[in-house]
Structures are given as C-alpha cells and as structure tokens.
Amino acid sequence: RVEVCLNGVWGTVCGDFWSTNDAVVVCNQLNISSANAIALGSAYFGPGTGVINMDNVFCSGSEEQLTDCTFSETHNCAHSEDASVICIDTQSNCTDGEVRLIGGQNYTEGRVELCVSGEWGTICDDLWGNSEAQVVCAQLGFDSEGSIGVGSATYGQGVGLIHIDDVQCDGDESDLFACSYTT
C-alpha cells in the first residue's frame, strides 16, 4: 500500500485514476527498479487507516517524487480504494521459458509474464484465449481444467519488452515455447 507524508502527516493515496506511470514514480522514489512497476487499486495490500492524503494522482512517470505529480488533497475515497504498487526487478534471475503471474488478487491469476534471455517481459494478447491459459496454468503446476485466458490488460499493463505475440496453443503443450507464436 502506498503511503505518503504530506504536511507532516502520513496518509494513504486513493486509487482513483491510479496508473503505471504513478507506480513508476513510487518505485523510482524508493530507489527500486521501476522497469516492471505495477499499479494496483482496491486496497490490494489491505486498507489503510487515518488520513487519505492524495486523490486523482496523475504522473507522467518522470517525476522524482509522488508529490511532484498532479493530485488533489481533497478526496472522495474510502480506504477500500487505497493505491498499491509492486516494484519488480526485470533482471531477477529467471530461466528461459519460465512464466509467472503478476497483478492478480492471488497467486492463481494475473498478467502472464515470460522469461526470455534472462529477462522478464510480457506477451501480447492477440489470439490469446483459454488454450493458451491452459498451457500457462499447467506450466505453473496448476490444474489447467477450466483455465480462462483474458486480455485487454485485465491485470494491468506490463512495462518493458513484449517477448512474443500471436500465441496459438492446442492446450496440451509443455510450455508456451512449444506453441506457435511470433516475436
């Protein structure tokens, strides 16, 4: 959960209009890699208490601090809308073909990320569907029966490289690289 000190008082940030650009600024302010910054709302890491210091935050992504962004000190939020951020280092020792889920409400859902040449990146959702989701779920050790593939950045837009596109699987492949795709 993102909290900021404003006028000497610590408080939360409302998730209205919370975006990847805002998350990038938070990660950079904390001196953590912002290459795969993820913006989450709806009190993803639990609701805060006390003051809500910022609402309607709009960052370009180049600001040094969150308070350098455009925002309102008045709000129409409850703590159930508190903003959260995940800062992920893209160079986090991964193995080619490894997949992970990012930005979901739990470990069984999220944006699919793929490791290529030791670097995490995303997969374009063109042609993405349930068969592709079955492969990812099986690769992660989950029961793939009933897997649902969703697109349109349902779990937040990725940041960084888009490793593959036009993925087409039958659903029984051992990993995504066994499916057809373009780079």
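Since we're looking at a predicted model, the values are computed, not measured.

About the criteria used
- Position numbers for residues count from 1 along each chain, tracking the sequence in the order it is written.
- Where totals are concerned, whole chains, interfaces and linings use all residues; where local detail is concerned, this predicted model gives features only for residues with pLDDT of at least 70, and gives and counts side-chain atom pairs only at 80 or more.
- Side-chain calculation: all heavy atoms of the structure are included, whereas hydrogens and water are not.
- Strand pairing follows a simple DSSP-based rule, namely that at least 2 bridges must link the two strands.
- By definition, any uninterrupted DSSP run of H or I lasting at least four residues is a helix, any uninterrupted run of E lasting at least two residues is a strand, and each is numbered from the N terminus.
- The angle between two axes is taken between their N-to-C directions and runs from 0 to 180 degrees, where each axis is a line fitted to C-alpha atoms and a helix contributes only its stretch in contact.
- Classification of residues uses two cut-offs on accessible area relative to the type maximum, computed with a 1.4 Å probe and protein chains only: under 20% is buried, over 50% is exposed, and between them is partly exposed.
- We call two residues contacting when some pair of their heavy atoms lies within 4.5 Å.
- Per-residue confidence from the predictor is reported as pLDDT, which spans 0 to 100.
- Buried Ala, Val, Leu, Ile, Met, Phe, Trp, Tyr and Cys residues form a nonpolar core when they are joined through side-chain atoms within 4.5 Å.
- Basic side-chain nitrogens of Lys or Arg form a salt bridge, by our definition, when they fall within 4 Å of a carboxyl oxygen of Asp or Glu.
- Between the rings of Phe, Tyr and Trp (Trp by its six-membered ring), a pair exists once the centres lie within 6.5 Å; its type follows the angle of the planes, with under 30 degrees stacked, over 60 edge-to-face, and the other angles tilted.
- When two cysteine sulfur atoms are found within 2.5 Å, that pair is recorded as a disulfide.

Draft legend 1. Structural view of the sheet that holds strand β1 (residues 3–6). Spatially, four strands are ordered β1-β2-β4-β5 in an open sheet, and the strand pairing comes out mixed. With partners counted over all chains shown, the strands left at the sheet margins are β1 and β5 (70–72), one partner each. Within this sheet the neighbouring strands show an average axis-to-axis angle of 45 degrees, counted without direction. In this structure, strand β2 (residues 9–13) lies alongside strand β4 (residues 52–58), joined through two bridges in parallel fashion. Residue pairing across strands places Val-13 opposite Met-54, the latter belonging to β4.

Draft legend 2. Spatial organisation of helix α2 (residues 130–139). Listed as buried for α2 are Glu-132, Ala-133, Val-135, Val-136 and Cys-137. Residues of α2 that are buried sit in contact with β7 (99–103), β8 (110–116) and β10 (162–168). Following α2 by one or two positions, Gly-141 adopts a phi angle in the positive range, close to 90 degrees.

Draft legend 3. Representation of the confidence of the model for the protein chain in the model. Averaged over all residues, the pLDDT of the protein chain equals 90, while 97% of them reach at least 70. Of all secondary-structure elements in the protein chain, the lowest mean pLDDT belongs to strand β3 (residues 38–40), at 88, while α2 reaches the highest, 96.

Draft legend 4. Representation of the nonpolar core in the model. Val-2, Val-13, Trp-18, Met-54, Val-57, Leu-66 and Val-85 are the most contacted members of the largest nonpolar core, which totals 18 residues. Elements with a minimum of two residues in this core: β1, α1 (20–29) and β4. Considering every element that reaches this core, the biggest residue donor is α1, with five residues. Not counting chain neighbours up to four residues away, the residues in contact with Leu-66 comprise Val-2, Val-13, Trp-18, Asp-22, Val-25, Val-26, Gln-29, Met-54, Val-57 and Cys-59. With 12 residues, the next largest nonpolar core counts Ile-123, Val-167, Cys-169 and Leu-176 among its residues.

Draft legend 5. Structural view of α1. Every buried residue of α1 is listed here: Asp-22, Ala-23, Val-24, Val-25, Val-26 and Cys-27. Just beyond α1, the residue with positive phi is Asn-31, at close to 60 degrees.

Draft legend 6. Up close: the pattern of salt bridges. Within this structure, the stated rule accounts for three salt bridges. In this structure, the salt-bridge partner of Arg-1 is Glu-3, at a minimum N-O distance of 2.9 Å. Linking Arg-100 and Glu-113 is a salt bridge whose minimum nitrogen-to-oxygen distance equals 2.8 Å. Separated by 13 residues along the polypeptide, Arg-100 in strand β7 and Glu-113 in strand β8 bring together distant segments of the chain. Judged by relative accessible area, Glu-113 falls into the buried class, the value being 0%. Bridged by salt links that share partners, the residues Arg-100, Arg-111 and Glu-113 form one connected network.

Draft legend 7. How the structure looks around the packing of aromatic side chains. Scanning the model with the defined rule gives four aromatic pairs in all. With centroids separated by 4.8 Å and ring planes inclined at 90 degrees, the aromatic side chains of Tyr-44 and Phe-45 adopt a geometry described as edge-to-face. What makes Tyr-44 partly exposed here is its relative accessible area of 21%. When its relative accessible area of 44% is taken as the criterion, Phe-45 is described as partly exposed. An angle of 40 degrees between the planes, with centres 5.8 Å apart, marks the rings of Phe-177 and Tyr-181 as tilted. Among the residues examined, Phe-177 registers a relative accessible area of 31% and is labelled partly exposed.

Draft legend 8. Structural detail: the state of the cysteines. Under the defined criterion, the tally for this structure stands at five disulfides. Here Cys-14 is linked by a disulfide to Cys-77, with a sulfur-sulfur distance of 1.6 Å. Measuring handedness by torsion sign, the sulfur bridge of Cys-14 and Cys-77 sits at about -65 degrees and is left-handed. Taken as a pair, Cys-14 in the loop between β2 and α1 and Cys-77 in the loop between β5 and β6 (84–86) lie far apart in primary sequence, 63 residues in all. We classify Cys-14 as buried; its relative accessible area is 1%. Overall, the relative accessible area of 13% leaves Cys-77 in the buried class. The disulfide bridge from Cys-169 ends at Cys-179, spanning 2.0 Å between sulfur atoms. Here the disulfide of Cys-169 and Cys-179 is right-handed, its torsion about the S-S bond being about 105 degrees. With Cys-169 in the loop between β10 and β11 (180–182) and Cys-179 in the loop between β10 and β11, this residue pair connects regions lying 10 residues apart in the sequence. A relative accessible area of 9% means that Cys-169 is categorised as buried. The connectivity of the disulfide-linked cysteines in the protein chain, indexed sequentially, is 1-5, 2-6, 3-4, 7-8, 9-10. Cysteine Cys-124 remains unbridged, with the sulfur of Cys-169 as its closest cysteine sulfur at 14 Å.

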